[in-house]
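Summary of structural features
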Amino acid sequence: MHTSEHKTPLIRLAKREQMNPATQWIIRIVAILLALVVGGLVIAISGSNPIAGYKTIIVGSLGKTSAFRQTVKNFIPLLGTALAIAPCFKMRFWNIGAEGQITAGAMCATFFALHCAESLPKVPLLLVMFVAGAIGGGIWALIPAFFKAKWGTNETLFTLMMNYIIIGFVKYLQGGPWEKMPRGSQQIAQFDSNACLPKVGGVYCGWIIVLILVFLMFWYMKYTKQGYEIAVVGESENTARYAGMNVPFIIMRTMFISGAISGVVGFMLASGANNTLYDGVAAGVGFTAITVAWLAQLNPFAMVGISAILAILEKGADSLQTEMQVPASISDIITGVLLFFMLGCEFFINYRLIFAGSGKKQENKKEVGA
């Protein structure tokens, strides 16, 4: 009869106890410095000077008024979408559909921009477009939330597939009912001036809206009853039910709010950034915002800084490509390296590696001490 010995894994993961905040920030700073070193190596391999490359990124994104304004335009939808998905993620509802919810909101706002621009003054029209965007995004998010609450469907796949449906419908509108003349242009007409958001500081006023949303989301998540319910459902649905909470309703309500904020982002992109609608209006921001939300640990104020860093990198990468003739892929690699190190440092802040034999050594030390 053969007996099999239990083998201890070579490396195990264990959840850390609460780490000292100062130590956490040291780890984060070291991670960023390492990311800059690795990114510099990538620039050097491409045949350029790393220091000159980083200087080009900073100057290209912040050095000129026009560049700074473009960086702010990149910053607005990224922060807005990260704020939108934060309540869902706090509830552990994995909303991967912000891209589609942005598109749905932009589409609903565009309907009124195209059909009511001549009959409504500027302010009422923009308010109607704002509300339409919020309702459109909210309803699009409510669909997978209803199925999750009613039948326990997989929200990750459901919300992801919803993206492609709404983007496909906007493509139909581009080449069909909303296509501008002449036929075959596959484009929707530019909005009239009274359907466009006004500019403040040279950039459309969406930056004011998202900064207000930062404070509102912080207050909502931390100090309201609904924020408390979201946190309890995220910790344990059974506990929430035991406490008398209507879990299905909380799921649907939270997803509607999340979709509504994403829809407002879509309205701002259509009315402020692009002054029209097209199928790529979200431009991938719905997926990038997931990284922002996780890196910020769902803290709205931390999202401001992380969104700003990514917006600077996005605009600076364009300058790196045009001014130093660095391939676009190199710019993407530098951004990816930074995100990789930032996500990696959060992993080591929350978990520790235990190597085989280290546990026995700790026990031996305790016995010697005794």
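Report follows, based on the coordinates. (Residues numbered from 1 in each chain as written. Predicted model: local features only at pLDDT ≥ 70, side-chain atom pairs only at ≥ 80, totals over all residues. Heavy atoms only, no water.)

Below, the discussion takes up the overall build of the chain. Tallying secondary structure elements over the chain gives 14 helices and four strands in all. Across its three principal axes, the chain shows a C-alpha extent of roughly 85 × 60 × 45 Å. Each of the 370 residues in the chain was classed as buried or not, and the buried ones make up 45%. Taking all contacts inside the chain whose residues are at least 6 apart in sequence as the whole, residues at least 24 apart take part in 78%. A total of about 19600 Å² of accessible surface is found on the chain, and carbon and sulfur atoms cover 65% of it. Once the 28 positive and 18 negative side-chain charges of the chain are each reduced to a mean point, those two points are 5 Å apart. (Helix = DSSP H or I, 4+ residues; strand = E, 2+ residues; numbered from the N terminus. Buried < 20%, exposed > 50% of the residue type's maximum accessible area, 1.4 Å probe, protein only. Contact = heavy atoms within 4.5 Å. Areas by Shrake-Rupley, 256 points an atom, 1.4 Å probe, with all protein chains shown as cover. Lys, Arg positive; Asp, Glu negative; His and termini not counted. Charge placed at Lys NZ, Arg CZ, Asp CG, Glu CD.)

Here we come to the nonpolar core. Of all hydrophobic cores here, the largest spans 96 residues; its most connected members are M129, M268, L277 and M303. Leaving out residues up to four positions away in the same chain, L277 has contacts with A106, M107, T110, V170, W178, I188 and F191. (Core = buried A, V, L, I, M, F, W, Y, C linked by side-chain atoms within 4.5 Å.)

Counted under the stated rule, the structure contains four salt bridges. Two residues, E346 and R28, come together in a salt bridge whose shortest N-O distance is 2.7 Å. On the criterion of sequence distance, the pair formed by E346 in helix 13 (residues 328-350) and R28 in helix 1 (residues 21-45) is long-range, its members being 318 residues apart. The class for E346 is buried, based on a relative accessible area of 10%. The buried category is assigned to R28, whose relative accessible area is 13%. Between E229 and R253 there is a salt bridge; the shortest N-O distance is 2.8 Å. Residue E229 is found in helix 8 (residues 225-235), and its partner R253 is found in helix 10 (residues 247-274); the two are separated by 24 residues along the sequence. Both residues of the pair, E229 and R253, belong to the buried class. (Salt bridge = Lys/Arg side-chain N within 4 Å of Asp/Glu carboxyl O.)

What follows is about the environment of I349. Note on placement: I349 falls in helix 13. Considered as a pair, I349 and A14 are 335 residues apart in the sequence and their alpha carbons are 11 Å apart.

This part covers the packing of helix 3 (residues 65-90) against helix 7 (residues 206-223). It is the contact of helix 3 with helix 7, at a shortest axis distance of 9 Å, that shows an interaxial angle of 20°. Our classification of the angle between helix 3 and helix 7 gives roughly parallel. You can see that helix 3 and helix 7 cross each other, and the crossing is left-handed. Between helix 3, through V72, I76, L79, G80, L83, A86, P87 and K90, and helix 7, the contact on the second element is made entirely by G206, W207, V210, L211, L213, V214, M217 and M221. (Axes fitted to C-alpha atoms, helices over the stretch in contact; angles between N-to-C directions. Parallel < 35°, antiparallel > 145°, perpendicular 65-115°, else oblique. Left-handed = near helix turned anticlockwise from the far one by under 90°.)

We now examine the side chain of N194. By the secondary structure assignment, N194 is in the loop between helix 6 (155-175) and strand 2 (199-200). Here A117 takes part through its backbone oxygen, which lies 2.6 Å from a polar atom of the side chain of N194. At 3.1 Å, the side chain of N194 forms a polar contact with the backbone oxygen of L120. For N194, the residues in contact, after removing those within four places along its chain, are A117, L120, P121, K122, L125 and L126. (Polar contact = N/O pair within 3.5 Å; in protein donor to acceptor, adjacent residues only side chain to side chain.)

It is worth spelling out a nonpolar patch on the surface at this point. Where nonpolar side chains cluster on the molecular surface, the patch consists of F130, V131, I135, I139, I143, F146, F147, W151 and F256 and spans about 770 Å² of accessible area. The topology assignment puts I143 in helix 5 (residues 122-151). I143 sits in the partly exposed class, given a relative accessible area of 30%. (Patch = residues over 30% accessible without salt bridge, like charges linked within 9 Å, V, L, I, M, F, W, Y side chains within 5 Å.)

Following both chains from N to C, one finds helix 2 (residues 50-63) and helix 3 inclined at 85°, their axes separated by 5 Å at the closest point. With respect to each other, helix 2 and helix 3 are oriented roughly perpendicular. Listed contacts from helix 3 to G60, S61, L62 and G63 of helix 2 are T65, A67, F68 and T71.

Positive phi, normally seen in glycine, also occurs at N275, with a value near 60°. As for its placement among the helices and strands, N275 is situated in the loop between helix 10 and helix 11 (285-295). Judged by its relative accessible area of 23%, N275 is partly exposed. One non-glycine residue, Q297, lies in the positive phi region at around 55°. By the element assignment, Q297 lies in the loop between helix 11 and helix 12 (300-323).

For helix 2, spanning 14 residues, the distance from its first C-alpha to its last is 18 Å, which sits close to the expected 20 Å at 1.5 Å a residue. Buried residues of helix 2: G53, T56, I57, G60 and S61, and no others. One side of helix 2 carries all its buried residues, which in axial view fall inside an arc of 105°. Facing away from the buried side of helix 2 by over 90 degrees, the exposed positions are I51, K55 and G63. Buried residues along helix 2 sit against helix 1, helix 3 and helix 12. With a side-chain oxygen positioned 2.9 Å from the backbone nitrogen of I51, the residue opening helix 2 is N49. (Expected span 1.5 Å × (residues − 1). Arc of directions from axis to C-beta.)

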